[in-house]
Amino acid sequence: STPASSTTEKKKDIDYQQVYNDIAEMLDEDSDYDDGSYGPVLVRLAWHASGTYDKDSKTGGSNGATMRFAPESKHAANNGLVIARDLMEKIHAKYPEISYGDLWTLAGVCAVQELGGPTVPWRAGRQDAFETSCTPDGRLPDAGKKADHIRDVFYRMGFNDQEIVALVGAHALGRCHPERSGFEGPWQEAPTVFSNEYFKAISSRNWIKKTLQDGGWQWVDKNNTDVMMLPAEIAMYNDKEFKKYFDLYAKDEEKFFKDFATVFQKLLELGVPFKGDEKVYHFKRTTE
Ligand code: DDH
């Protein structure tokens, strides 16, 4: 057979559920890492790999996995994601045929599901690119800016206001690290459980400003100053159009899960050159 067709055959042979299971097993292998799970940083890797998409030039997105290379790996927004990429190297060593774009997005889906989130349909089809396809710096949202900046960034990807708010609900997971972003702390007290707690927190707590060591600032919960919100997030909550969706998802977790699954799949598939006949996977949780 020709090299091209044997490549196709090989790809068909990857057992993606097994890849999912191997990633799932890795999530809590180091109880000393952050809150005991690599899940949040893997979700962030999938998002930052995908969120560089520009719908007009059709550049960026998860397809090329260009964050493997400088300059993209060195963009300030990607600080700390080397941890997630290094973890994925271990999986890649076992499944060398999988593209990095497929692997990183599958890991994001796995982390969401294993931490209690909705089933996110996933398809293979990303192809690795070279560093010449790295995206310019500045395509990901700046946490210090206002709602209009957040709109500019997500409209460029092709999302509307409701989709933007659903996506930001991923901040139920994980935390900010001073050495990565300059911000500090989780968005609520259970950062390894995917839930609508982020929306409940932003809409019901008393947020006060806290000055940070590097001279910046963030919002903290008056009653638990370990819990935080980014300047951009409270700015979004104070925007009438965005606010109605924050309040909707705070009241209705089922609606949030349903919308998040749809919009996270959309995010992870931005700019991916699917042929149209790819199998859609609904991965089984390791607890199922
Ligand atoms: Fe985020 N995010 N994010 N985020 N994000 C950070 C951490 C995590 C913004 C800024 C930050 C999304 C949207 C936004 C996750 C997922 C998603 C941190 C802290 C900053 C800052 C990084 C660090 O210090 O380690 C801003 C601004 C936005 C915005 O849209 C307004 C979206 C859409 C997602 C998603 O996944 C769909 C996750 C998970 C984390 C936690 C990472 C960790 O290591 O823990």
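That block above? That's the structure.
If you're wondering where the values come from, they're calculated on a predicted model, not measured in any experiment.

Engineer: How would you summarise the coordination of the iron atom of the ligand if you had to cite specific residues and measurements?
Structural biologist: Only one protein atom coordinates the iron atom of the ligand: His171 (NE2), located 2.1 Å from the metal. In this fold, His171 is placed in the loop between α7 (161-168) and β1 (175-176).

Engineer: So what about the packing of α7 against helix α11 (residues 253-268)? Which residues, and what values?
Structural biologist: It is the contact of α7 with α11, at a shortest axis distance of 9 Å, that shows an interaxial angle of 100°. Comparing their axes, α11 and α7 come out roughly perpendicular. Packed against α7, whose contacting residues are Gln162, Glu163, Ala166 and Leu167, the element α11 presents Lys255, Phe256, Asp259, Phe260, Val263, Phe264, Lys266 and Leu267 at the interface. Looking at the contact of α7 with α11 residue by residue, the class counts come to seven nonpolar, one polar and four charged.

Engineer: Let's hear about the environment of Gln18: which residues, and what values?
Structural biologist: Relative to the helices and strands, Gln18 resides in helix α2 (residues 16-26). Of the residues examined, Gln18 reaches a relative accessible area of 31% and is grouped as partly exposed. Gln18 sits 16 residues away from Asp34 along the chain, and the two C-alpha atoms are 26 Å apart.

Engineer: Before we move on, can you summarise the pattern of salt bridges with the specific residues and values?
Structural biologist: A full pass over the atoms with the stated rule returns 16 salt bridges. Asp102 is paired through a salt bridge with Arg126; the nearest N and O atoms lie 2.7 Å apart. Placement of the pair is Asp102 in helix α5 (residues 100-114) and Arg126 in the loop between α5 and α6 (147-157), with a sequence separation of 24 residues. In terms of burial, Asp102 and Arg126 fall into one category: buried. For Asp161, the salt bridge is made with Arg151, and the minimal N-O distance between the two is 3.1 Å. Highlighted residues: Asp161 in helix α7 and Arg151 in helix α6, separated in sequence by ten residues. Of the two residues, Asp161 and Arg151, both sit in the buried class. Among the charged side chains, a network of salt bridges with common partners joins Arg151, Asp161 and Asp239.

What counts as what
Residues numbered from 1 in each chain as written. Predicted model: local features only at pLDDT ≥ 70, side-chain atom pairs only at ≥ 80, totals over all residues. Heavy atoms only, no water. Donors = N, O, S within 2.8 Å, 3.2 Å for Na, K, Ca; no water. Helix = DSSP H or I, 4+ residues; strand = E, 2+ residues; numbered from the N terminus. Axes fitted to C-alpha atoms, helices over the stretch in contact; angles between N-to-C directions. Parallel < 35°, antiparallel > 145°, perpendicular 65-115°, else oblique. Contact = heavy atoms within 4.5 Å. Nonpolar A, V, L, I, M, F, W, Y, C, P; charged D, E, K, R; others polar. Buried < 20%, exposed > 50% of the residue type's maximum accessible area, 1.4 Å probe, protein only. Salt bridge = Lys/Arg side-chain N within 4 Å of Asp/Glu carboxyl O.

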